[in-house]
Structure formats: structure tokens, C-alpha cells
Amino acid sequence: MSTEPVGPYGQAGAYGQAGPRGGTPPRLAVVGAGPAGLAAALAATARGVHVTLVDSAQAPGGQFYRQPAAALGARRPQALHHQWRTWRRLRDGLARHIAAGGVTLLPQHHVWCVERRSEGPAGRPHAGGFTVHALLGPGQEEPVEVRADGVVLATGGYEKVLPFPGWTLPGVITAGGAQAMLKGGLVVSGRTAVVAGTGPLLLPVATGLAAAGVRVAALVESAAPRALARRVGTLAGRADKLAEGAGYALELLRRRVRTLVRHTVVEAHGTDRLEAVTVAALDTAGRVRPGSERRIPCDTLAVGHGMVPHTDLAESLGCRVDAHGMSVAVDDEQRTDVPGVWAAGEVTGIGGAALSLAEGHVAGRSAAARLRGREPDPREWEAAAASRTRLREFFAALDTVYVPPAHWAEQLTDDTVVCRCEEVTAGAVREAVGELGAGDVRTVKLLTRAGMGWCQGRMCGPAVAGLAGCAETTARRPFACPVPLGVLARAGERGEPGPPTGETQGRGGPTVE
Amino acid sequence: MTERLTCDVVVVGAGMVGAACALYAARAGLGVTVVDRGPVAGGTTGAGEGNLLVSDKEPGPELRLALLSNRLWTDLAAEPGLGTAFEYDPKGGLVVASAPEGLAALEAFAAGQRTAGVAAETVTAGQLRELEPESAPGLAGGVYYPQDAQVMPTLAAAHLVRASRARLLTGCTVTGVLRSRDGAVRGVRTDRGEIHAPAVVNAAGTWGGEVAALAGVHLPVLPRRGFVLVTEPLPPLVRHKVYAADYVADVASDSAALQTSPVVEGTAAGPVLIGASRERVGFDRSFSLPVVRALAAGATRLFPFLERVRAMRTYVGFRPYMPDHLPAIGPDPRVPGLLHACGHEGAGIGLATGTGQLIAQVLGGRTPDLDLTPFRPDRFAPRDEEPGLRGRRFAARDGNPGRRGRFVAHEEEAE
Amino acid sequence: MNPSELAGAEPGAAFTVTLDGRELDALPGQTVAAALWAAGVTSWRTTRGGGRPRGVFCGIGVCFDCLVTVNDRPNQRACLVPVRPGDAIRTQEGTGHEH
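The structure contained in this document is the topic of the report that follows. Please read these numbers as outputs of a predicted model, since none were measured by experiment. (Residues numbered from 1 in each chain as written. Chains lettered and ligands numbered in written order. Predicted model: local features only at pLDDT ≥ 70, side-chain atom pairs only at ≥ 80, totals over all residues. Heavy atoms only, no water.)

### Some thoughts on the pattern of salt bridges
The cut-off we apply is this: Here a salt bridge means any side-chain nitrogen of Lys or Arg lying within 4 Å of a carboxyl oxygen belonging to Asp or Glu. Under the scheme used here, helices are H or I runs from DSSP no shorter than 4 residues and strands are E runs no shorter than 2 residues, and both carry numbers assigned from the N terminus.
In this structure the tally under the stated criterion is 38 salt bridges over all chains. When the shortest N-O distance is used, the salt bridge between arginine 308 of chain B and glutamate 141 of chain A registers 3.0 Å. Here arginine 308 of chain B is found in the loop between helix 8 (289–302) and strand 18 (310–321), whereas its partner glutamate 141 of chain A is found in the loop between strand 5 (130–136) and strand 6 (142–148) on a different chain. For glutamate 375 of chain A, the salt bridge goes to arginine 370 of chain A, with nearest N and O atoms at 2.9 Å. What emerges from the salt-bridge pattern is a single network uniting Asp331, Glu333, Arg335, Arg370 and Glu375 of chain A.

This is the structure in C-alpha cells:
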């Protein structure tokens, strides 16, 4: 995979140049420390902007570069990872900028809202500036507020899972969840796994579990990925991605993992825990072939049907969200339509780590220039922009191949739980649509409570839309995570703090620059 | 639908009020078609708390309508399956005062309500803690209103439409009101064809002014934005609808500025709902942290345990208000066959049943249970609708005391 | 090969926590969910409605399926919360506030 667009990291020292505000540099808050956020932070701080990098995890890396907790003492974390060299460059660059005072890293900070302030110091590029409201983890009761002149949203995405009977049994986990637990906690949930669903994530999950000693009984992919080779045959930049795919395929072969394409899981079995799954072949129309069902004993099912961007913060800031792709709309500089707000990575459309790095790099450079009152020169990020174009084309092609079975909803019995939080069944959703006059996801939610629980519809949204036969729309979630009322009642009460101190932790005081 | 439909009455709007109009009209023997450009309960109904309140209303036409509606809700809830279907909960309302002066004002207000038929029981500070053990210590006391109740408004609208057996056309936009040569209504034109009927009921809520305009008449319905906060699911720790007796004229206020007062209640599903804010900002849906911050602050003052309880979401709705804060209910003398049932300003769930019953009585040629004069749709002279004059109180000039004496709290409904 | 061997992990000394009073070993750096998985436990919550068992689903803090009570604090996401020596982990029932 190309790592070119990440740009010249490690240029510490630019920080400290005088910005437009009386000698102190402009302040950029970057939300999310995955590939996009890291690339944005490094690009911006190398160009004279102070960056506060806010992330919910214990350490930077995001989902793709999720690292084992330091206390686990992993000497070979790279055994769990791909593109390790790129990670090393990001990690080392970040460490240098933190040491130089150009980046303040705030790990374990769960951002619940980014507020656009209406008033602020005059003469700033974006007059009122922003307050990033976060809760300090893991308790998430103590508030931290970060003031900034601009914001890069690099909030990533999460996995989409379409329901099937039995999918709420313990032992059924998302494919990304299996990977996260493996990479971050060095644990697996059982001895025998089936990896199922659709999408490019399934391959690394299957090989990762196999490498970690889990018997992978089958990789069940509902698409026919051979179509991908035909599909992307004309696209530039395909070679490395296809080579990557071929590498996984070889590894699966080597580990004797049976791959079933154009197959799907129709049911998970067990009483209080997963004991087996039934898989079946799909016909060309995407329906289960009668008689093709077979039962595979397993204690783990890692399942996923693609990714969904985390658009909550952008949505409540008022950024335009592309309703079809449910991703944040950006221009060539990765700017949203809200002045002072950039977006990069999966939040602008699912496209993997390399695309996130390219977008983050462009966002960081654009933000640095504009926060310093300069018009950026796009020629400076030509390479990243070219890479971005290639990768977007590639992932657009991927999206047309990796689609869930067209008739997945037919497999749902009326008693299948669809909304995991509120335990709303497929039958209740069908009744709301067929008999009570619901025609959209919101009304189904109001009539059934599907999507009203702890996860706020993040898990069931796509399923409810599919079952109801209506378009999936961007949900409005003004709170990106639950926030104590006591914190909410006092949010923003603290006044405008002093200039940046370059401190590396937010613990010294509740307001951070 | 490109064919022409014919029925006795077209109800425009599938919200709570439209659903109630459909139900009572159908039960009066009329053939009803309900049409809405969105889904059932897609407007204000889906963005409220579902309050059926008498406690916040002073003696007058709105209280009479509320008492009528309260009886009708009780009857509906007793019908097989219906009460549980829309989560009817006769929980009672509790208005609390933090200081003795507030309590005195509250008791005086309750005394007036009792003469109008409201059940209102004075509650001492000690009794308050028995009724609401988690309420803040040190409150002076309050008044308990056993008639106050709650429904889940989206479910209520959907189940009333279903019970009416009316023809329901969702996703269908009314684009014109059909008139005969003598000016009388003969149906509506929609983006999917015409629906012919000798009567049209405007139950379009906050958008009622637009429907009236299609019939060529002015009806000054305007939006007032309100946020509601929703907590994580909890056991039943808040037992009644509890609100503070800051006796202010927020509802009747002509100020465009933000007003909030704490209104807290539990729900059958577990989450606690927190209102109530009101602002005049047009149809602006954008999230406002200052507003929800004020709601959270008010709620935690009433119930300190909420400090550590998590807010999961907030939602916004637009309450339809009219210059004198009374709804428009009844026939429009300017257009024969046109009736209005809108402008209930955040009390629409509670007042829906009475409104539906009155509309059905008018449609059936019977004498309505209440005098409709205060709700006359043509009571606003055109100059009152000019933007520059919007802030003035029509009621004051009319010699009508209006509804300045309405408690702030009861606005919205559930989600 | 298990995951720890694969990554060449040399964690600090194990410590003891309890799940519903039962003692379990946990490692520094593990989340509550990882410690429970390592002990062979895959569910630690029952749902409000049907009383059904749940554990990790998304593994990254989005789905809230892995809610658990730790040291009397309900509704903690087991996949996010680091485990600490002596933690009293309890299977969470209903809203988690009933106890």
C-alpha cells in the first residue's frame, strides 16, 4: 500500500512562529487520533499551528492502528498489524511534536459535542471559535473543554451489522470488534470462529484470528469478490490493493480456512451462548438457495456488513451531510461547509487507512494555512490529492461489489430482535410500517422505540431502514455520547482561558487549549 | 393515486389533532380521509412529551376544553386495548414551589381552578417528599393535580387513526383547496390527485397557516421552538409530572427570547423527559447547547439525583401558537365547508380529544359541547398578522383577558 | 499460538478481581471485557425487557451491549474500562440502577 501521501513528518520546530493573534499560534482541535487525525495533526503542527489532539482511546492509533495497552508489554505488536512502517512514522512524528510543544494529546477524552461559539476574540479567522466538550474516561463524569480556532473532525466510523435470528447471542460479535479485542486486549472470545458478512474487513479479521490460534471454521462472504477484479481492472492504484487481497487469500489457504463466497449466515444457534451457525448459499438474485443450508459448530461469529461514518459531531455543528452516503460533505481542501471545520477520513466516506492519511494530510495543511490567514496552495499537497482520487475511485468500486444480500430482510422472523438496546422485534417494525402509518425511520422509532436506546440507533439504523423499505437517513444525535446532566448543566460556564501552555495532559485544569 | 376519491370529510394532518378529528368524525358516521405530506405524527406530535394537563390552565375557555378532553381521554383509555396501546398513564401532576411566596401564589391559582372543576390538592413540604422522594430537599410545597395524565403521542395518533378506520394517505401533499362557484369547499387537490368532500378540516398544526392560505384565508399560526432532553433508562424514580411554579407568563409571553422552566417526568419505557424551552426562531432545527444546558440545570435543581444521570439525546419540535395563545377550532365563516383545528401551542396532545369531538359535532350539525366563540378562526383582523404587529396582544385589545395566567410548564409532549 | 504469544506480550503480574463475588485473574492493561473473555466469560448483562444475556458486540464503545456494573457504578462499557486490582464486577440487570 502506498504510504506516500502522509508527507514529511517530523518537522518539529515550526511551532512557535507568530500567528495572527498577537504572537501566539492559532489553535486547531483535531477530534480522533486514527490515521486521518494523526496525519492532520502532524501536517498542521509542522506549519505553525498548535494542535490539541482529542481521542477516546487510551493511546493514539484509532481502530486501524489500535495498539495493545502498554501494560500488556507486547514486544511484537506488529504481528497483529499491517503497514507497520507507516504507523511507526506517525507514532514517532507525534512523539516529537508533543515533545516540542506543538501538539497536546488528550487520550481517553470522549467528545460529546463540538460547539461553535458565537462570540470570541476579534481578528480570528473564524470569529467565535469552537469549544470541544469532552468527558474524561473511563468514568466519563468529569468534563474537559478545549477551545480552538478551527476543528478537524476525524471521527472515523463503526461497523454496520444487519440482523439475523440469533444475532444477539453472546459469542456473536462484530468483525471489527473481534479485531479490536485482539489488537487492543490480546484476547479472543473462543476457540472456533466463523467470520461472515461482506466487505474487505473480513479477510484481515479471519487471518488475524487464525494467527492468534483460533480455528476459523469458515469465512462466509455474501458477495462474489472475483467480480472485484473485473470491476477495478481499469482503475489506477489497484495493484497494491489487489496484491494486499491476494496476500490475505494466500494466508487463508495456508491456514486451511474454508472460504464460502456468495454465502450468508441465516441463523445463529444457542440458548445463552453461541453454539453453531447455519450458513446457506445465495442465488444470483441474493436469495437463500433452499436446501443449501449447512450447520457449522462454533463459539464465535465475527460478522460485519461494511462501515458507517461517525457523523454526529459534524451534524450538530451544522455541517452538510450527504444523505445518500451518510458522510460529511467536504471540498478539495477537506473543508466542510461550516467555516473553520474540516473533516477527514472515514467520516467523509468509508475508504480505509491510506485514504484517511491522504485526507488528513490535506486537511491539516489547509487548516494550518487558513488559520494563519493565508490562502493555501493546493500544489503543495498534489501527491496526497492524487492518491486521494485513486483511492476514492477504488473504494467506490469496492462498494458496488461488497453489498449485503439483496433480500437479507426476508430471513428475519417476526420475533427476531432488530434493535438490540430496546429489544424491538422485526414484527414490531413491520407492524409500524404496515398498520400504523410509519413511512420513515423516525416514525418507526417513535412507534416502536427502535433506535431510542443506549446506542441511539447506531446499531439498528440500517436494519430498520431496510426492514421498513425506506431510505436510510442521517440520524440527528446532538450528543455524540451520553453526558451526565450535571456536566451538561454547567457546559461552557468556564470563561475564555489564557493562551496555550503546551501542556501534554488536560488533567491540570478542566479547560485546555 | 390519480383517481378521484370521494368522502364526507378530508382531514389535513395526521398528527394528534387530525387523528382525534378523524376518530370522532368517523364515530359520528362520516366517511373520513386523512391526508398528510409526511408520515403519521411526523410534525409536532412526534416531538413532544404527551401531556394531558389541566394543572397549568387558569379558568377560561382553554381549561374548559382541557377538562372536556380529559374526560374523553379517560374514556378512550378504557376502550379494550387502546389505553395500553398508547401508554396512557394517569400519573397526576405536581407543581412545586421553592419558596413560601411562590406557594401562596400557587394556592391562589389552584383555588380558582377548583371553582372551575379542577381537582387540586395542596401539598406540604413533608407530603411532597412522600409523593416524590427524590425531589430536592427544602422545597416549600406544592399542589397535586390528580387529573393530569400522559400518553405516548406518536402511538396515540397512530392508534386513533387506526381505530377510526379512516382512509389514511401519508406522503401526500395538499396543494390546493377546491372551491365551488359559490365559494364553498368541495375537496382538496393533492400531488397525487383530487379528494372530493364537502368539508375540509385543517389539522396541520404548526403548518396550519399554509393550509388556510390554500383556501384563501389568513390564519396566524406561528412556530415556537422547544427542546426536550431524554435520559438513560431508569427505574421509576420520578413518579409524577413535576414542574416548578415559577408563575410566569412564558406561554403567553410575546418575547422572542429563550425561556426555560424545569419540567421533569418519567416514562413507561424508563427514560426521564426534561422540558421545557420555548423560543421564537422560525423553523430553525439546529441544536442549541445553551438551551439544553438551561434545561439540564433546571431539572437537576428539582431532582438532584439527576446530576449523575446521563442525557442520551435531545430533540426539537415546533409548537404552533396564535397571537392570543388559544387554538382555532370550528368552521371558518369566510369559507363554507372549511374547519380549523390547529394552533394548540404545545397543549395539542391533551386538547386533541376535545377538539376532535367539537369538530365532529359541528360536522354532524349538532350543538358543540363548548361555546366555540373564543376559538373562532376569523378572530384575528388581517393587521394583527402583519409582522410588525405580531408581538401585540390581540386579546388585550379585544377585552379578552387571554391566557396570561398559564403555568409555563406543560408545553411539550413526548417523543 | 495464542494472541499474547503472537504479540510477544510480557505483562505485569496478574491481580485478582471478582465477578459476582467469584475471584478471577486479570492482567494490567486489560479492559474489563478482555479480562472476562480471558477468563472464559462472554456475557455479563441481562436485558431490561427479556432478561437475555449480553456481552461484547462492537468492541469499540459504540453499541453499549457490554454494559456492566463495576464497583457499584452501573452502565460502564466493559470494552472501554480498564480493569484494576480488586475491582468488584457485577452482572448488570435491567437499567443497572435497581440495586
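That was the structure; now back to the text.
### With respect to the packing of aromatic side chains
The test is simple: Classification of ring pairs uses Phe, Tyr and Trp, with its six-membered ring standing for Trp, and accepts pairs whose centres are within 6.5 Å; under 30 degrees between planes counts as stacked, over 60 as edge-to-face, and the remaining range as tilted. Accessible area is worked out with a 1.4 Å probe on protein chains only. A residue is then buried under 20% of its type maximum, exposed over 50%, and partly exposed in between. Lysine and arginine charges are scored as sitting over a ring when NZ or CZ, respectively, is within 6 Å of the ring centre and within 35 degrees of the ring normal.
One pass over the structure, following the stated rule, counts eleven aromatic pairs over all chains. Geometrically, the ring pair formed by phenylalanine 64 of chain A and tyrosine 65 of chain A is edge-to-face, given 4.8 Å between the ring centres and 85 degrees between the ring planes. By relative accessible area, tyrosine 65 of chain A is classed as buried at 1%. Measuring from centroid to centroid gives 5.5 Å for tryptophan 454 of chain A and phenylalanine 64 of chain C, while their planes differ by 15 degrees, and the two rings are stacked. Residue tryptophan 454 of chain A is located in the loop between helix 11 (441–448) and helix 12 (461–468), and its partner phenylalanine 64 of chain C is located in the loop between strand 4 (53–54) and strand 5 (67–70); the two belong to separate chains. Here the two residues tryptophan 454 of chain A and phenylalanine 64 of chain C agree in accessibility, since each one is buried. One aromatic cluster is present, formed by Phe64, Tyr65 and Trp87 of chain A through successive ring pairs. Sitting above the plane of the phenylalanine 57 of chain C ring, arginine 420 of chain A keeps its charged end 3.6 Å from the centroid. We note arginine 224 of chain B situated over the ring of tyrosine 321 of chain B; from NZ or CZ to the ring centre the distance is 5.1 Å.

### Some words on the pairing of strand 3 (residues 103–106) of chain A
Residues and elements named next belong to chain A. Applied cut-off: Should DSSP find at least two bridges between two strands, the strands are taken to pair. Here is how to tell: hold the view so the strands point away, follow the path from the first strand over the helix to the second, and if it runs clockwise the crossover is right-handed.
Here strand 3 shows no split at all, with Val103 and Leu105 on one side and Thr104 and Leu106 on the other all buried. The sheet contact formed by strand 2 (residues 50–54) and strand 3 spans four bridges and is parallel. In the strand pairing of strand 3, valine 51 is matched with valine 103. Since strand 2 and strand 3 lie parallel, the crossover through helix 2 (residues 84–100) that links them has a hand, and here it is right-handed.

### Some thoughts on the interface of chain A and chain C
As a reminder of what qualifies: Contacts: residue pairs with any heavy atoms within 4.5 Å of one another. By buried area we mean the combined loss of accessible area, with a 1.4 Å probe, across both parts when two parts are placed together. Contacts described as polar in this section are N or O atom pairs within 3.5 Å, which, within protein, must combine one atom able to donate a hydrogen with one able to accept it, while residues neighboring in sequence count only if both atoms come from side chains.
Chain A puts 55 residues into the contact, and the matching count from chain C is 47 residues. Counting the surface chain A buries against chain C, the share from its top three residues, Met181, Glu423 and Trp454 of chain A, is 15%. Linking chain A with chain C are five salt bridges. Taking the shortest distance from any N to any O, the salt bridge between glutamate 141 of chain A and arginine 73 of chain C comes out at 3.4 Å. For the interface between chain A and chain C, the tally reads 21 residue pairs in polar contact (both at pLDDT 80 or more). Every element with two or more residues in the side of chain A that touches chain C is listed here: strand 8 (157–159), strand 9 (172–174) and helix 3 (175–185) of chain A. Looking at which element gives the most residues to the side of chain A that touches chain C, the answer is helix 3 of chain A, with six residues.

### Description of the packing of helix 1 (residues 35–45) of chain A against helix 2 of chain A
In a packed pair of helices, the relevant descriptors are the angle between the two axes and the axis-to-axis distance. Residues and elements named next belong to chain A. Note the threshold: All axes are obtained by fitting lines to C-alpha atoms, using only the stretch in contact for helices, and the reported angles, taken between N-to-C directions, cover 0 to 180 degrees. Comment on the angle field: the value is read as roughly parallel under 35 degrees, roughly antiparallel over 145, roughly perpendicular from 65 to 115, and oblique elsewhere. It is the rotation of the near helix from the far one that decides the hand of a crossing: anticlockwise by less than a right angle makes it left-handed, clockwise makes it right-handed.
Between helix 1 and helix 2, the least distance of the axes is 10 Å, while the angle of their chain directions is 45 degrees. By the angle between their directions, the pair helix 1 and helix 2 is classed as oblique. The way helix 1 lies across helix 2 gives a crossing that is left-handed. Counted together, Leu38, Ala39, Leu42 and Thr45 of helix 1 and Trp87, Leu90, Gly93, Leu94 and His97 of helix 2 form the full contact between these two elements.

### As for the sheet that holds strand 10 (residues 192–197) of chain A
All names here are of chain A. If you walk across this open sheet you meet the five strands as 9-16-10-11-12, and the pairing is parallel. Because the sheet does not close on itself, it has two edges, and the strands there are strand 9 and strand 12 (259–261). Each strand of the sheet is rotated relative to its neighbour by a mean of 20 degrees, with strand direction disregarded. Of the strands in this sheet, strand 9 and strand 16 (300–304) are in contact with helix 3, which crosses strand 9 at around 85 degrees.

Read these as layout, nothing more, since geometry by itself doesn't imply function.
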